[in-house]
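Residue-level structural notes
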Amino acid sequence: MRKLSVGAFMTLDGVVQAPGGPDEDDSGGFTFGGWSVNYWDDLMGQVMAGSMNSPFDLVLGRRTYDIFAAYWPNATEEAGAKPLNDATKYVASRGTPALTWDRSVQIEGDVAEGIAELKKGDGPELQVHGSGNLIQTLMANDLVDEYRLWVFPIVIGSGKRLFAHGAIPAALRLVDSTVSTTGVVIGTYVPAGEIVTGSF
């Protein structure tokens, strides 16, 4: 059974839309693209590199795939390029995209069923980067084994959220955490069953 991990850059109010640049995703009139960039420090780079030390494959939505495919094959000298280029890329798309990035495969048929089958097979960890719409499908079908959430000390107020309206209630357990010099809280969470309520 392959583990599926979701990695997401997120504001304090839960927005995950367009953390990396103004042109990443301006849908819905979003004007804060690139909100994460000025918080980056060396510790965050080390954590990111550590997540790529072991072999992994990627599961990407179409928009994130297009962004990655336009950049990483042409940036082979940058940190992180080799593991991303070497990974098999499984792409969720309703259309028939031209998959120009080496080792790219379209997930055929129902996306949730296709990813569930991938998880049953042999191979390295499956990592989801970005791909906010795809993550909603994965969560709705109970396919996420681990969340690696980078929570930035910024409130945007609008935009696509990781845990949007209609998210399935569930408990999570924190298994690892660190804080950058810029106040970014990096936490790793795993599902912990149903929510247990009580009173004081």
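Residues numbered from 1 in each chain as written. Predicted model: local features only at pLDDT ≥ 70, side-chain atom pairs only at ≥ 80, totals over all residues. Heavy atoms only, no water.

Relative to the elements of secondary structure, threonine 188 occurs in strand β8 (residues 185–191). When residues no more than four places from it in sequence are discounted, the contact partners of threonine 188 are Glu146, Tyr147, Arg148, Arg173, Leu174, Val175 and Asp176. (Helix = DSSP H or I, 4+ residues; strand = E, 2+ residues; numbered from the N terminus. Contact = heavy atoms within 4.5 Å.)

Here we take up the pairing of strand β1 (residues 4–11). For β1, a buried count of 7 out of 8 residues is recorded, marking the element as mostly surrounded by other parts of the structure. Where β1 meets strand β5 (residues 125–129), 4 bridges bridge the pair, whose relative direction is parallel. Its bridge partner being in β5, serine 5 is matched across the sheet by glutamine 127. Bridge analysis of β1 against strand β6 (residues 146–152) gives 7 bridges, and the strand direction is parallel. When the bridges of β6 are listed, glycine 7 appears paired with arginine 148. (Buried < 20%, exposed > 50% of the residue type's maximum accessible area, 1.4 Å probe, protein only. Pairing = 2+ DSSP bridges.)

With 100% of its residues at a pLDDT of at least 70, the protein reaches an overall mean of 94. By mean pLDDT, the top-scoring element of the protein is strand β7 (residues 172–179) (98), and the lowest-scoring one is helix α5 (residues 132–140) (90). (pLDDT = per-residue confidence, 0-100.)

This part takes up the pairing of β7. When β7 meets β8, the two strands line up antiparallel, connected through 7 bridges. Bridge pairing in β8 places leucine 174 opposite tyrosine 189. Joining the antiparallel neighbours β7 and β8 is a turn of 5 residues, in which glycine 183 adopts a positive phi near 90 degrees.

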